[in-house]
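What follows is each chain in one-letter form.
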Amino acid sequence: MRERHSIRDLDHQRPITLAELSRFLDRTARVVSEFKTPLDPEGGGPVLTHTMRPYPSAGAGYELELYLAVDACEGLPRGFYHYDAGGHAMVPIEVRAHEFEALLKGAELAMGAPAAPQILITIAARFGRISWKYSSIAYGLILKDVGVLIQTFYLMATDMGLGGCAIGSTNIGLFAKMTGIAFHVEGAVGQFAIGRGTKLVASD
């Protein structure tokens, strides 16, 4: 916990590897188990399927999904991906080149970094997974879940000797264009940059 720092200066001569990224996602976001519960505790009616992941989530809703803009990763082509947490797989998404570059550039500017992150993780919320149950407090719970996941990212990056940095701004409209999903169905709610760090440039 005390070793955790935001690292914005990444070593682009030695980018993160696919094996490291796989381990990072496995330990922080992968579905580790599933369980089912009836919607009606008295019996009958639909049965809900819940997942369990390494970080806690309000009501075990796990509404957060991860999208990765990969600029530099040894063993993984440059591009935009959705992380399939159940299958532990990277699913490529075709996007326009200028939108991809704009996403990375926005993160670079937001961090005040000398270059784009090696990997930019956009955290998106599938609002319906949690709003059906929590209604008016759903968005507040989503933001709490984002904070928990970002801290999980920080701790795993520190444990692996990687550099990580939370980013406080996201371009909701740009994300919607890249995914083709309406922002009120699934919207960007956070970002995190990861790669191989060169030095600590902040102590937050």
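As shown above, the structure is provided for reference.
Basis of the calculations
- Residues numbered from 1 in each chain as written.
- Predicted model: local features only at pLDDT ≥ 70, side-chain atom pairs only at ≥ 80, totals over all residues.
- Heavy atoms only, no water.
- Core = buried A, V, L, I, M, F, W, Y, C linked by side-chain atoms within 4.5 Å.
- Buried < 20%, exposed > 50% of the residue type's maximum accessible area, 1.4 Å probe, protein only.
- Helix = DSSP H or I, 4+ residues; strand = E, 2+ residues; numbered from the N terminus.
- Contact = heavy atoms within 4.5 Å.
- Axes fitted to C-alpha atoms, helices over the stretch in contact; angles between N-to-C directions.
- Parallel < 35°, antiparallel > 145°, perpendicular 65-115°, else oblique.
- Left-handed = near helix turned anticlockwise from the far one by under 90°.
- Nonpolar A, V, L, I, M, F, W, Y, C, P; charged D, E, K, R; others polar.

Draft legend 1. Molecular detail of the nonpolar core. Membership of the largest hydrophobic core comes to 40 residues, with the highest contact counts inside it found for Leu66, Ile121 and Ile123. Those elements giving two or more residues to this core turn out to be helix H1 (18–28), strand S4 (64–70), strand S5 (79–84), strand S7 (119–126), helix H4 (138–160) and strand S9 (186–195). With 11 residues, H4 is the largest single contributor of residues to this core. Ignoring any residue separated from it by four or fewer positions in sequence, one finds Leu66 in contact with Leu25, Ala29, Tyr81, His82, Tyr83, Ile121, Thr122, Ile123, Leu149 and Phe153. By size, the runner-up hydrophobic cluster in this structure holds 19 residues, among which are Phe100, Leu104, Leu120 and Ala124.

Draft legend 2. Structural detail: the packing of H1 against H4. Direction vectors running N to C along H1 and H4 enclose 135 degrees, while the axes themselves pass 10 Å from each other. As summarised for this structure, H1 and H4 are arranged oblique, according to the angle between their axes. Along this stretch, H1 crosses H4, giving a crossing that reads as right-handed. Touching Glu20, Arg23, Phe24, Arg27 and Thr28 of H1 are Leu149, Thr152, Phe153, Met156, Ala157, Asp159 and Met160, all from H4. Classifying every residue of the contact of H1 with H4 by side-chain character gives 6 nonpolar, 2 polar and 4 charged.

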